[in-house]
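Descriptive analysis of the structure
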Amino acid sequence: MPNHRKNLEARTRYDPGEIEQRIFAEWLQGGYFHPPAEGTPAQNYSVAIPPPNVTGALHMGHALNGTMQDALVRMQRMRGRNTLWLLGTDHASIAVHAVLEKELRAEGTSRHELGREAFLERAWAWKEKHGSQIVNQYKRLGASCDYERERFTLDEGYVRAVYRVFKELYDKGYIYRDNYMVNWDIGSRSVISDLEVENRKVEDTIYFIDYPVEDSDDVLTVATVRPETMLADTAVAVNPDDERYRAFVGRHCILPLVGRRLPVIADQHVDPEFGTGALKITPGHDPNDFEIGRAHDLDEITVIGEDGRMTEAAGERFAGLTVAEAHKAVVAALREEERIRGEEPYVHAVPFSHRSGERIEPLISLQWFCRMDELAQPAIEVVERDEVRIVPDQWKRVYLDWMREIRPWCISRQLWWGHRIPVWYCDACEETYIAETPPERCGACGGELRQDEDVLDTWFSSALWPFATLGWPDDTPELRAFYPTDFLTTARDILFLWVARMIMSGLEFAGDIPFEDVYVHSVIQARDGRRMSKSLGTGIDPLEEIEVHGADALRFGLLAMSSTQDVRYSDAKVQQGRDLANKLWNASRLILLNSDSGQNQPGTNARQDTNARQEQAPVGVPGGTAQGSSPHPTRAEDRWILSRLQRAIATMTERLEAYDFAHAAQEAYRFLWSELCDWYLEIAKPRLYDGEKDAAATLLGVLEQTLALIHPIMPFVTEEIWSHHPAREGHLAVHPFPQADDSLIDLDVEAEVDEAIELTRRLRAWRELVGVPVGSVLSGRVEGADPHEFVGRLARFEFSSDGGDPIASVGPVEVLASGEVDAAAVRERIEQRRTELRSEVERAERKLGNEGFVAKAPPEVVEDERRKLDAYRSELEELG
RNA sequence: GGGCGCGUAGCUCAGUGGGAGAGCGCUCGCUUCACACGCGAGAGGUCGCUGGUUCGAAACCAGCCGCGCCCACCA
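Quantities reported herein were computed from a predicted structural model and do not represent experimental measurements.

This brings us to the sheet that holds strand 26 (residues 797–799). Strand order in the open sheet made by the four strands is 26-25-28-27, with mixed pairing throughout. Edge positions in the open sheet fall to strand 26 and strand 27 (806–810), since each of these has one partner strand only. The sheet shows a mean angle of 35 degrees between the axes of neighbouring strands, direction not considered. Together, strand 25 (778–782), strand 26, strand 27 and strand 28 (813–816) form the strand contacts of helix 25 (residues 747–769), whose direction differs from that of strand 27 by roughly 135 degrees.

Given below as structure tokens:
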């Protein structure tokens, strides 16, 4: 592959655009992401991706979430585990309706005009055309999902799973149908669950309205922010202990504008301190009043319809008006009758639809519900016992608090795209059938059956994701091999909507927890700290970032900026990732282009003699602990880098396993940049140029391990470089992941080389501080053995024991006078150093003079302080 | 109303009991044969405020100020 080789020689910049797509295709072709359904869940590693909406485009949340999963999945795959990362999409009822109904509106029609069947045809056509978009975008990110096992929540098999679950829950008595107070979303013309409601602060006006008491001149004044709902009032309630109203309980008010007799009832729920202490009761349009109404067996009147307009029951003056119009009209009418005693501005929380953004209309409606208490109990216990571990654990309590207060879940939706409720009604004899497959005719009377019009809440099917995707309810090889999965990554916003429900359904239907760990990651905000959102225009497109900086750069950046708390998107971190990829590329060029035996001239030795190269190359030791041909080199610096590499491997592995991605990324950066490139490569360069085999072997071994170590977070650049490595046998994606080898950690050698590095640093700093020209070589004298060779080379010093006048000392080095050194600057520097040392000595003396410190601090801390003091004193003494 | 989190260098964030850190930005100097997406050297911080615990507090405790989020049927 001469061209391949030439690329390495010619390109001084890593160019992700050229290679990412090619490499991804190679991975797919290798079949690495498509594991056989063999082995046990304990042996295997599996993750189910949080399924993105079919309508979706990859956003930063996906990118972060996907990168985290990919990093862990790749690490486990490299460790040789049979690894499945299951991918698929969610049918997302409401989102698809939003897209299609917008189209229809633009065409001047509506879904109701079109009809259910034609609408669904259109929805499927839309899905076929656009549904693969987001899947392809995950590929751009480098996500190593099993693209051959892609699932969709409306797949035939998945629908069977949903129907099975519905029927079982119904048979157990958990699912039921009831007329109940629901959150009606005017925007989507459907009921939504409590979790899809978002409370916002709203400035309203609170009106104080006089309700005359029957057969008297008395009035009861009630307070309300929604006067239009008074048309549906069926009682007035007061607190039973409220002396002011005790006499009125049992009497009646006359409802203004309507004339209805309203019983005055006593109920604990009424707060005597709030408003007037008298509460108008509207069971049809207020959740609180609904409860009171049911407790007191009050009439439930509906004056607001599902279309958001006033119904006939509102009376002919108001029927047909929108709620807002009715509000004004009722207030005007009450004014006319002089019933309004007062009004005040009032700020309070008002429910809005999370989806459509419209104000929720609470009303009574016939819907399907699922009782949750019994399902919740085991799901509470597994989290209490940490069988499902929620990380970080503050979210454990949030989960438990919510689960312990769980309420029935309204699962029906007045939409068409989704799982149609598997219930059939016989109009002739009023029989009801709940079945997994549609029954032919009514078993009782032989009459025609009509299926329920509604579909299930999308989250009802998402709740089954970890096992339904593996083939449940059938006993499939996939299910046996990969369930339960290992972990789930998610942002906190779907902890209740999705995570809790998966745990409940996993335990109930698949007989086990769906995953062992739940990692709750940060939310990435826009650069200015606002929420990233399409509607605000604050979104940052991950694909654009990939286009500009490369997938590895984005991946590194996202991991590096991630946290357990919200963080602002950091362009700097993505650039850091890009720079790191480039650094790795160039460091690799240095190593690879100079590690062939014989010719070392970069650019002139496009050798094709691969056999020869392999002979001298460090062959990967089986098991993936390749360390070069000589795992225990004799030179200190070689042993130093190997020792440091083991630490980097250990740290990075540990951080990844702890879901601490930011520190894992930082460790990769630190090791590669600061230790390998800044020091070791500079130290080893001359030996590399000289064709010294030990140096080349060490470097090739370190490179191999470094590439493998970093591959989980930056898969593309590492794979590309690996393709140039002489030890390469297959793709890095399935290369053994490095394991820290403690036998290579050498504390003595680390201390020795660190000391030499520190000396180099000090000499360089000293030169700059006293203004020595960059190019000039200074003379230095050292007592005893010379420092390591690289100290003089990198700091531009020549050491000898010959004579000469010392003009300054830097550590163990006496700097000898020369024309390059300005004596005045040196004196100034010495004075500066003296000041530094004096303050250090003073600080240490003060600390050691504190009796409490010496008596109570741990001895090693005190000892450490003494050592430092001695060192400062002796240096000060040397300076005179 | 209840709960959670945050306030550290100009910016974005680490650091949870023993001398304040990173990246970016800034200053100075370098066309050093891997990389200017680079190399070397620097400047920059009363760790929100007030009290307390401790020999020792950015860290632990209490209160306050500011910001954010979640849950909640006071109309």
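With that settled, the discussion passes to the pairing of strand 21 (residues 485–491). Summarising burial for strand 21: seven of the seven residues are buried, a large majority. Strand direction decides the pairing type here: strand 21 and strand 22 (residues 515–521), joined by six bridges, are parallel. Along strand 22, the bridge assignment pairs Thr490 with Val520. For the crossover that starts at strand 21, traverses helix 16 (residues 495–510) and ends in the parallel strand 22, the hand is right-handed.

Around RNA strand B sit 54 residues, and of these Tyr689, Glu840, Arg843, Lys856 and Tyr872 come closest. In RNA strand B, atoms within 4 Å of the protein come from the sugar-phosphate backbone in 57% of cases. Within the side chain of Glu682, a nitrogen or oxygen atom sits 2.9 Å from a base nitrogen of RNA strand B. In this structure, a base nitrogen belonging to RNA strand B sits 3.3 Å away from a side-chain N or O atom of Lys685. In terms of residue class, the surface near RNA strand B is built from 21 nonpolar, twelve polar and 21 charged.

This paragraph deals with the pairing of strand 17 (residues 423–426). Consecutive side chains of a regular strand alternate in pointing toward one face of the sheet and then the other. Of the two faces of strand 17, the one carrying Val423 and Tyr425 and the one carrying Trp424 and Cys426 are both buried. Where strand 17 meets strand 18 (residues 432–434), three bridges bridge the pair, whose relative direction is antiparallel. Each bridged residue has a counterpart across the sheet, and for Trp424 the counterpart in strand 18 is Tyr433. In sequence, strand 17 turns back onto strand 18 through a hairpin of five residues, with Glu430 there showing a positive phi of about 65 degrees. In the sheet, strand 17 pairs with strand 19 (residues 449–451) via three bridges, with the strands oriented antiparallel. Bridge pairing in strand 19 links Trp424 to Gln451.

It is worth spelling out helix 22 (residues 661–689) at this point. Here helix 22 contains 29 residues, and its C-alpha end-to-end distance of 37 Å is more than 12% below the 42 Å for a straight helix at 1.5 Å per residue. Along helix 22, the sharpest kink reaches roughly 50 degrees, centred on Leu681. At the exit of helix 22 stands Gly691, carrying a positive phi of roughly 75 degrees.

Here we come to the confidence of the model for chain A. Residue-level pLDDT values for chain A average 92, and 96% of them are 70 or greater. Across residues 597–630, confidence stays below pLDDT 50; counting only partners more than four residues off in sequence or on other chains, it has 61 contacts. Prediction confidence for the complex, expressed as pTM and ipTM, is 0.93 and 0.97 respectively.

The next thing to look at is the state of the cysteines. Tallied over the entire structure, the rule returns zero disulfides. This cysteine, Cys410, is not joined by any disulfide, and Cys370 carries the nearest cysteine sulfur, 11 Å off. With no disulfide of its own, Cys445 lies 3.4 Å from the sulfur of Cys426, the closest cysteine sulfur.

About the thresholds
Residues numbered from 1 in each chain as written. Chains lettered and ligands numbered in written order. Predicted model: local features only at pLDDT ≥ 70, side-chain atom pairs only at ≥ 80, totals over all residues. Heavy atoms only, no water. Pairing = 2+ DSSP bridges. Helix = DSSP H or I, 4+ residues; strand = E, 2+ residues; numbered from the N terminus. Axes fitted to C-alpha atoms, helices over the stretch in contact; angles between N-to-C directions. Contact = heavy atoms within 4.5 Å. Buried < 20%, exposed > 50% of the residue type's maximum accessible area, 1.4 Å probe, protein only. Right-handed = clockwise from strand over helix to strand, strands pointing away. Near = heavy atom within 4 Å. Polar contact = N/O pair within 3.5 Å; in protein donor to acceptor, adjacent residues only side chain to side chain. Nonpolar A, V, L, I, M, F, W, Y, C, P; charged D, E, K, R; others polar. Expected span 1.5 Å × (residues − 1). Bend = angle between axes of the 7 residues up to and from the residue. pLDDT = per-residue confidence, 0-100. Disulfide = S-S within 2.5 Å.

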